[in-house]
Amino acid sequence: QKKNAAKIEEANRQSDSLFNMYLSAGDEYLTEKSYEAALISYNEALKIKPDNSEAILRLSGVRQKIIKDSIDVVNKRKDDAYTNFVNNGNQFMRLKSYTDARFAYNEALKIKPNDALVKSKIDAIDQQIVNDSLQATTVKNETLYNSYIKAGNDALNNSLYDEAKSDF
């Protein structure tokens, strides 16, 4: 009986040692963010002691870290895409390519729908289009005005009074 008890005690020590080794290995893998290896180590520990709350807790923690890291990756990609759309919109604005700028800013809004900065940039596009249109009309009117004044002066200098009157 003593021999059997000693064998059982030795088996339990080896089992505990192996269990602790798997937990330690899982902890190291977790520190290195080697989540798959950590999962394997903790699962191996649970094969030795299936109801061990510490091993179950660590296994759950790894799964949560995997989910959190996945969410972080998705959020980083979204942030990068948002930044690229805004930067492209800014570049198109500098080039006065308002249609392309509006498209880029609208794509940024799909990622962050309530972004006041992007909304203000779209409003700025609308204002810039109006300003450019007014400026073009003003330049066109000034050019036309100057051409009539020149034509009127030329007609007046040539004693073409009816034509000068019409031009003026």
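Located above this text is the structure these notes cover.
Because the structure is a prediction, the values reported are computed rather than measured. (Residues numbered from 1 in each chain as written. Predicted model: local features only at pLDDT ≥ 70, side-chain atom pairs only at ≥ 80, totals over all residues. Heavy atoms only, no water.)

*Asks:* In this structure, what is going on with the overall build of the protein chain? I would like to understand it.
*Replies:* Secondary structure assignment for the protein chain yields six helices and zero strands. In sequence order, the protein chain lays out its α and β elements as α-α-α-α-α-α. Against the globule reference of 15 Å for 168 residues, the protein chain gives a C-alpha radius of gyration of 39 Å, more extended than a compact globule. Based on the C-alpha atoms only, the size of the protein chain along its principal axes is roughly 140 × 20 × 15 Å. When burial is assessed residue by residue, the protein chain has 20% of its 168 residues classed as buried. Long-range contacts, defined here as pairs at least 24 residues apart, represent 40% of the contacts in the protein chain between residues at least 6 apart. Distance from the positive charge centre (24 side chains) to the negative charge centre (25 side chains) of the protein chain: 8 Å. (Helix = DSSP H or I, 4+ residues; strand = E, 2+ residues; numbered from the N terminus. Rg over C-alpha atoms; globule rule 2.2 N^0.38 Å. Buried < 20%, exposed > 50% of the residue type's maximum accessible area, 1.4 Å probe, protein only. Contact = heavy atoms within 4.5 Å. Lys, Arg positive; Asp, Glu negative; His and termini not counted. Charge placed at Lys NZ, Arg CZ, Asp CG, Glu CD.)

*Asks:* Quick question: what am I supposed to make of helix α5 (residues 116-157) here?
*Replies:* In an α-helix, one turn spans 3.6 residues; hence positions three or four apart end up facing the same way. Between its first and last C-alpha, α5 extends 60 Å over 42 residues, near the 62 Å set by a 1.5 Å rise per residue. At its buried positions, α5 is contacted by α3 (53-94), α4 (98-111) and α6 (161-167). For α5, the capping residue at the N-terminal end is Asp115, with a side-chain oxygen 3.0 Å from the backbone nitrogen of Leu117. (Expected span 1.5 Å × (residues − 1). Polar contact = N/O pair within 3.5 Å; in protein donor to acceptor, adjacent residues only side chain to side chain.)

*Asks:* It is not clear to me how the environment of Glu10 should be interpreted in this structure. Could you clarify?
*Replies:* By secondary structure assignment, the location of Glu10 is in helix α1 (residues 2-31). Given the relative accessible area of 35%, Glu10 is considered partly exposed. On a C-alpha basis, the gap between Glu10 and Asn88 in space is 69 Å, while along the polypeptide they are 78 residues apart.

*Asks:* How should the nonpolar core be read in this particular structure?
*Replies:* As a rule of thumb, nonpolar side chains are buried together in soluble globular proteins. The biggest cluster of nonpolar side chains holds 11 residues, and these are Phe19, Leu23, Tyr35, Ala38, Leu39, Tyr42, Ala45, Leu46, Ala55, Leu59 and Val62. At six residues, the largest contribution of residues to this core is made by helix α2 (residues 35-48). Apart from the residues within four sequence positions on either side, Ala38 is in contact with Gly26, Tyr29, Leu30 and Val62. Within the second largest apolar cluster, 10 residues are counted, among which are Ala101, Tyr105, Val118 and Ile122. (Core = buried A, V, L, I, M, F, W, Y, C linked by side-chain atoms within 4.5 Å.)

*Asks:* Can you walk me through α2 in this structure?
*Replies:* Taking 1.5 Å of rise per residue, 14 residues should cover 20 Å, and α2 covers 20 Å from first to last C-alpha, within 8% of that figure. Looking at the packing, one finds that the buried side of α2 touches α1 and α3.

*Asks:* Is there a simple way to explain the environment of Ala37 in this structure?
*Replies:* Inspection of the secondary structure puts Ala37 in helix α2. Overall, the relative accessible area of 24% leaves Ala37 in the partly exposed class. Spatially, the C-alpha atom of Ala37 lies 12 Å from that of Ser24, the residues being 13 residues apart in sequence.

*Asks:* Hey, could you run me through the pattern of salt bridges in this one?
*Replies:* Pairing between side chains of opposite charge can happen when the charged atoms of each approach one another. The final tally for this structure, using the stated rule, is 12 salt bridges. Ionic pairing is found between Arg13 and Glu10, a salt bridge with its closest N-O pair at 3.0 Å. Linking Arg13 with Glu10, this pair stays in helix α1, spanning three residues, or about one helical turn. Between Lys150 and Asp154 there is a salt bridge, with its nearest N and O atoms 3.1 Å apart. Of the two residues, Lys150 and Asp154 are both situated in helix α5; the distance of four residues between them amounts to about one turn of the helix. According to the relative accessible area criterion, Lys150 is exposed, its value standing at 52%. With relative accessibility at 34%, the residue Asp154 sits in the partly exposed group. Among the charged side chains, a salt-bridge network with shared partners connects Glu9, Glu10 and Arg13. (Salt bridge = Lys/Arg side-chain N within 4 Å of Asp/Glu carboxyl O.)

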